[in-house]
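Here is how the chains run, residue by residue.
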Amino acid sequence: MVEGNKLEFVKKIRYITDYFLLKIPLPRINPNIISGLSILTSLIFILVVKHSSALGCALLVMTLFLDWLDGLVARRYNLSSEEGYMVDVTSDRLSEGIIFIPFFVAWFYLFALNNILTIYSFTRKRHVVLPLRHIFLVYFIINYL
Amino acid sequence: MNPLAHFLLGLLVVDIVFGNAERFLFYILIFSVLIDLDHIIYISSVKGDLFRQKFGSGSRSRFHELYGLTLLSLGISILSVHDLILMQVIGLSSILHYASDFLSGKTRPFYPFSEKEVFLHICPQKYRLHAEIVLTILLGVMVWLRGISWSL
């Protein structure tokens, strides 16, 4: 499974955070639904960002939170699967595509690169993708808040 | 999702994000439904058996999945040098098509590298038709309320 082949330092960070976070009582929701919700929050982000940067920032944080939560719920209830990985990375790419459209240069170019890396990761069984939305959140806070 | 819902969704979102969607009506119409052209190949292959087979993930070619999204993002990135706003509109219309299909039905995201089918279970399959009809009407009403003109 590709999920198991993430970079070593990512695995170490996850091991430490999971030690504490997996003890938190979490609702048993289908992780795929949580992944899908991150696409919807991305869509709401581009609809409101022109009118309110603060609300846009909150939605961006919400998107990243949902992306993190789906993996956590899957690990908490042993629901991790190849299907879950596919849903997770596809949701991530669609979410990135939607978020980066209004900001385009150079974010959309990096999104195109991330799409190639996603297919590469899947075919080579090694998870190598750029955390673009996390970097974008920092960029957004610096430039728009 | 049906082509009308794809078009209305693209039209509504482009109008909210960029404003003045009428100016891009033709491009939104084309690029929000273009990806569905692979269904025509599928229809011709199943012939009279369409009602039993339905439009499952098997009716979607590689261009309807992450593979197609990758090619689209590359094409748009290159062509944005020529006309940025138009490429943003085309990109948004197309990505919304991929996203709405992914959220509403069964897909094979890594086809042709994997045949594995995924489904998000946001709306149960047996209510899908009802949900689609309600969503299409809702999108139509929202487009009408925003006063977007339809003439090409």
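Residues numbered from 1 in each chain as written. Chains lettered and ligands numbered in written order. Predicted model: local features only at pLDDT ≥ 70, side-chain atom pairs only at ≥ 80, totals over all residues. Heavy atoms only, no water.

## With respect to the UniProt feature "transmembrane region" (unreviewed entry) in chain A
All names here are of chain A. What counts is decided by this rule: UniProt positions are given in the numbering used here, feature names are shortened, and annotations may be inferred rather than shown by experiment. Under the DSSP-based scheme used, a helix requires at least four consecutive residues in state H or I and a strand at least two consecutive residues in state E, with every element numbered from the N terminus.
Sites flagged by UniProt as "transmembrane region" (unreviewed entry) map to residues 29-49, 56-77 and 97-116. Between the first and last C-alpha atoms of residues 29-49 the distance is 29 Å; the span itself is 86% helix and 0% strand. Structurally, residues 97-116 is divided into 70% helix and 0% strand, and its ends, taken at the C-alpha atoms, are 13 Å apart.

## Remarks on the packing of aromatic side chains
For any two aromatic rings, the description comes down to two numbers: the centre-to-centre distance and the angle of the planes. Residue and element names in this part refer to chain A. Condition: Pairing of aromatic rings covers Phe, Tyr and Trp, the last through its six-membered ring, and needs centres within 6.5 Å; plane angles under 30 degrees mean stacked, over 60 mean edge-to-face, and all others mean tilted.
Enumeration according to the criterion identifies 22 aromatic pairs over all chains in this entry. When the ring of F45 is compared with that of F140, the centres are 5.7 Å apart and the planes differ by 65°; the resulting orientation is edge-to-face. Residue F45 is found in helix α2 (residues 31-48), and its partner F140 is found in helix α6 (residues 132-144); the two are separated by 95 residues along the sequence. Aromatic pair F140 and Y144: ring centres 5.1 Å apart, planes at 20°, arrangement stacked. One end of the pair is F140 and the other is Y144, both in helix α6 and four residues apart, which spans about a single turn.

## Digging into the interface of chain B and chain A
Test applied: Contacts are residue-level and defined by heavy atoms, with any inter-residue pair within 4.5 Å sufficient. Joining two parts hides part of their accessible area as seen by a 1.4 Å probe, and the buried area is that hidden amount summed over both. Note on definitions: salt bridges are taken to be side-chain nitrogens of Lys or Arg within 4 Å of carboxyl oxygens of Asp or Glu. For the purposes of these results, a polar contact is taken to be a pair of N or O atoms within 3.5 Å, where, inside protein, one atom must be able to donate a hydrogen and its partner to accept one; residues adjacent in sequence count only when each atom of the pair is a side-chain atom.
On the chain A side, the residues contacting the 34 residues of chain B number 35 residues. Buried area between chain B and chain A, summed over both chains or domains, comes out near 3,100 Å², and the portion from carbon and sulfur atoms is 82%. Interface area lost by chain B to chain A is led by I95(B), F102(B) and F110(B), which between them contribute 18%. Summed over the shared surface of chain B and chain A, the result is zero salt bridges. The interface formed by chain B and chain A holds five residue pairs in polar contact (both at pLDDT 80 or more) in total. Those elements that place two or more of their residues in the side of chain B that touches chain A are α1 (3-18), α5 (66-79) and α6 (84-104) of chain B. Top contributing element to the side of chain B that touches chain A by residue count: α6(B), with ten residues.

## Details of α5(B)
Let me state the cut-off plainly: An expected span of 1.5 Å times one less than the residue number is assigned to each helix. Classification of residues uses two cut-offs on accessible area relative to the type maximum, computed with a 1.4 Å probe and protein chains only: under 20% is buried, over 50% is exposed, and between them is partly exposed.
Under the 1.5 Å per step criterion, the end-to-end length of α5(B) is 20 Å for 14 residues, consistent within 8% with the ideal 20 Å. Of all the positions in α5(B), only L66(B), G68(B), L69(B), T70(B), L72(B), S73(B), I76(B) and S77(B) are classed as buried. Turning to α5(B), the residues buried within the fold contact α4 (82-100) and α5 (107-124) of chain A together with α6 of chain B.

## Some thoughts on the pattern of salt bridges
In the structure shown here, the tally under the stated rule is nine salt bridges over all chains. R108(B) is the partner of E115(B) in a salt bridge, and the nearest nitrogen-oxygen pair spans 3.0 Å. Since its relative accessible area comes to 56%, E115(B) is described here as exposed. Counted as one network, the salt bridges with shared partners bring together D67(A), D92(A) and R133(A).

## Notes on the packing of α1(B) against helix α7 (residues 128-145) of chain B
Residues and elements named next belong to chain B. Cut-off, in case you're wondering: The convention used is that axes are lines fitted to C-alpha atoms, helices contributing only their stretch in contact, and that angles between N-to-C directions extend from 0 to 180 degrees. Handedness of a crossing is defined here by the sense of rotation of the near helix relative to the far one, left-handed for an anticlockwise turn of less than a right angle and right-handed for a clockwise turn. Asp, Glu, Lys and Arg are counted as charged, while Ala, Val, Leu, Ile, Met, Phe, Trp, Tyr, Cys and Pro are counted as nonpolar; the rest, among them Gly, fall into the polar class.
The contact between α1 and α7 brings their axes to 9 Å, and the two run at 35°. Note on packing geometry: the crossing formed by α1 with α7 is left-handed. Note on element contacts: α7 touches α1 through T136, L139, G140, M142 and V143, opposite L4, A5, L8, L9, L11 and L12. Across the contact of α1 with α7, the residue classes break down as nine nonpolar, two polar and no charged.

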